[in-house]
Amino acid sequence: MKADTMDEKERYCYEDLGPLGRSNKLASQAMVFLVRGLYASWKLPISYFFTSTSVKHVDLSILLIDAIEKLLNCGFIVTAMIRDQGKNNVVALVKDLKMTKEKPFVELKGQKIYSFFDVPHIYKNLRNNFKSNNFIFKGKETLFKDLRDVYEIDKNSGISRSLLKITDSHMNPGLFQLMSCKLAMQLFSNSMAATIETCIMSKQLKSNTALNTLDMVKELNNLLDVLNIFRQRGRYNQNPTARVFRTTFRINVKINLMKPSIFSNCEEDADTHLLNNDNLNEATKHNIEDFNESSDSSSSVSSVSLSSTSFPEESVVDDYTP
């Protein structure tokens, strides 16, 4: 089940929260609850509400539980609820529904309903927080300044450009650009990672945190690639089902298992190499030392034997007869 809000600008109506009653305030937003199938591609709006401001977290949790209970009474099997990371949404889940990191679900009628934040909004909030705060990724510091410096290097390049889709709106987003999920996901792309790596290798980017930022951008891009794999199975699928997800996941696992090893037709194990460069160098060193020792000893013996033998020169000449 999904829930989301949208601005109501062209139509005029009064605030209406269904079971929570109405008011004489003019509505400016609309909130919709929608269900979709996991094993079949279908969607169905089940309720909508008009509000003058953002729905309070207490009212939101009441409406959410009421909608889930009615779906369960109708025979639906509700497995998860998905929302964006709005402040009231987070407070409703954590404070009202008592969800935690260890318990990311709520139990209704003996069934666990898990809560998820949608990935595009996670990337958007990640970008917005990264602009004003340094991140610690895998124990290492990363900076948004590295992305901005790479963009300026690429923008001022007189040869060619790599970041063709990255604009000033990505680096310095305005009020509406901050709400764009597309701009955030384009920022953490493979093109950005490749450009950062090129600037590091060419020594144009001189930053102590550049490699850390590169690793983080690569990880975020790989996560999006994994999700896109399931959408592109057979053809681009805007709404992949659980069956498509399971089938695509199984195929990709098989492909990775059958991938040729970098060690030819063998797999690396706990073997100990009998001969390697270190052993060869050590053996050569010992052979040279042994050879030097044997040479010294043989030369000393020869010198002793020669010095101990005397040949009287005169006797040799006198005894010689032609």
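In what follows, the accompanying structure is described. (Residues numbered from 1 in each chain as written. Predicted model: local features only at pLDDT ≥ 70, side-chain atom pairs only at ≥ 80, totals over all residues. Heavy atoms only, no water.)

## Regarding a nonpolar patch on the surface
No. 1: A grouping of Trp42, Leu44, Ile46 and Phe76 is seen on the molecular surface, where their side chains present a nonpolar patch of about 320 Å² in accessible area.
No. 2: Checked against the element boundaries, Trp42 lands in the loop between strand S4 (29–36) and strand S5 (43–51).
No. 3: On the accessibility criterion, Trp42 (34% relative accessible area) is partly exposed. (Patch = residues over 30% accessible without salt bridge, like charges linked within 9 Å, V, L, I, M, F, W, Y side chains within 5 Å. Areas by Shrake-Rupley, 256 points an atom, 1.4 Å probe, with all protein chains shown as cover. Salt bridge = Lys/Arg side-chain N within 4 Å of Asp/Glu carboxyl O. Helix = DSSP H or I, 4+ residues; strand = E, 2+ residues; numbered from the N terminus. Buried < 20%, exposed > 50% of the residue type's maximum accessible area, 1.4 Å probe, protein only.)

## Structural notes on helix H4 (residues 144–155)
No. 1: With 12 residues, H4 extends 17 Å between its outermost C-alpha atoms, agreeing within 8% with the 16 Å of an ideal straight helix rising 1.5 Å per residue.
No. 2: Buried within H4 are the following residues: Phe144, Asp146, Leu147, Val150, Tyr151 and Asp154. End-on, the buried residues of H4 take up no more than an arc of 155°, which puts them together on one face. (Expected span 1.5 Å × (residues − 1). Arc of directions from axis to C-beta.)

## As for the packing of aromatic side chains
No. 1: Following the criterion strictly, the structure yields eight aromatic pairs and no others.
No. 2: Measuring from ring centre to ring centre gives 4.8 Å for Phe130 and Phe135, while their planes differ by 35°; the resulting arrangement is tilted. With respect to class, Phe130 is no different from Phe135; both count as buried.
No. 3: Counting every residue linked through ring pairs, the aromatic cluster contains Tyr123, Phe130, Phe135, Phe144 and Phe188.
No. 4: Residue placement shows Lys103 over the ring face of Phe105; its charged tip is 5.2 Å from the ring centre. (Phe/Tyr/Trp six-rings, centres within 6.5 Å; stacked < 30°, edge-to-face > 60°. Lys NZ or Arg CZ within 6 Å of the ring centre and 35° of its normal.)

## Remarks on the pattern of salt bridges
No. 1: Throughout the structure, instances matching the rule amount to seven salt bridges.
No. 2: Here Glu197 and Lys218 are joined by a salt bridge, their closest N and O atoms 3.7 Å apart. With Glu197 in helix H7 (residues 190–201) and Lys218 in helix H8 (residues 210–231), this residue pair connects regions lying 21 residues apart in the sequence.
No. 3: Judged by relative accessible area, which is 33%, Glu197 ranks as partly exposed.
No. 4: Residue classification places Lys218 among the partly exposed positions, given a relative accessible area of 33%.

## Points about the side chain of Thr209
No. 1: Relative to the helices and strands, Thr209 resides in the loop between H7 and H8.
No. 2: For Thr209, the side chain forms a polar contact with the side chain of Ser207, separated by 3.2 Å.
No. 3: Other than its neighbours up to four places away in sequence, Thr209 contacts Glu141, Leu143 and Asp146. (Polar contact = N/O pair within 3.5 Å; in protein donor to acceptor, adjacent residues only side chain to side chain. Contact = heavy atoms within 4.5 Å.)

## Section: the packing of helix H1 (residues 57–73) against helix H2 (residues 87–96)
No. 1: Packing of H1 against H2 leaves a shortest axis separation of 8 Å and a crossing angle of 70°. When the axis of H1 is compared with that of H2, the two are roughly perpendicular. For the pair formed by H1 and H2, the contact residues are His57, Val58, Leu60 and Ser61 on the first element and Asn88, Asn89, Val91, Ala92, Lys95 and Asp96 on the second.
No. 2: Among the residues forming the contact of H1 with H2, the class breakdown is four nonpolar, four polar and two charged. (Axes fitted to C-alpha atoms, helices over the stretch in contact; angles between N-to-C directions. Parallel < 35°, antiparallel > 145°, perpendicular 65-115°, else oblique. Nonpolar A, V, L, I, M, F, W, Y, C, P; charged D, E, K, R; others polar.)

## Re empty space enclosed by the protein
No. 1: Applying the stated criterion to the full structure yields one cavity of 30 Å³ or more.
No. 2: Computed from the structure, the largest cavity encloses a volume of approximately 30 Å³.
No. 3: Lining the largest cavity, in full, are Leu60, Leu64, Arg83, Asn89, Ala92 and Leu93.
No. 4: Breaking the lining of the largest cavity down by element, the ones donating at least two residues are H1 and H2.
No. 5: Split by residue class, the lining of the largest cavity holds four nonpolar, one polar and one charged. (1 Å grid on protein atoms, 1.4 Å probe; cavity = no way out; pocket = protein on both sides within 12 Å on 5 of 7 lines; lining within 4 Å. Points joined across faces, edges and corners; volume = space filled by probe spheres on them.)

## A closer look at the packing of H4 against H7
Packed helix pairs are specified by the crossing angle of their axes together with the interaxial distance, meaning the distance between the axes.
No. 1: For the pair H4 and H7, interaxial distance at closest approach is 10 Å and the crossing angle is 80°. With respect to each other, H4 and H7 are oriented roughly perpendicular. Contacts from Leu147, Val150, Ile153 and Asp154 in H4 reach Met192, Thr195, Ile196 and Cys199 in H7.
No. 2: A class-by-class count of the residues in the contact of H4 with H7 yields six nonpolar, one polar and one charged.

By themselves, these are just geometric observations and shouldn't be taken as functional.
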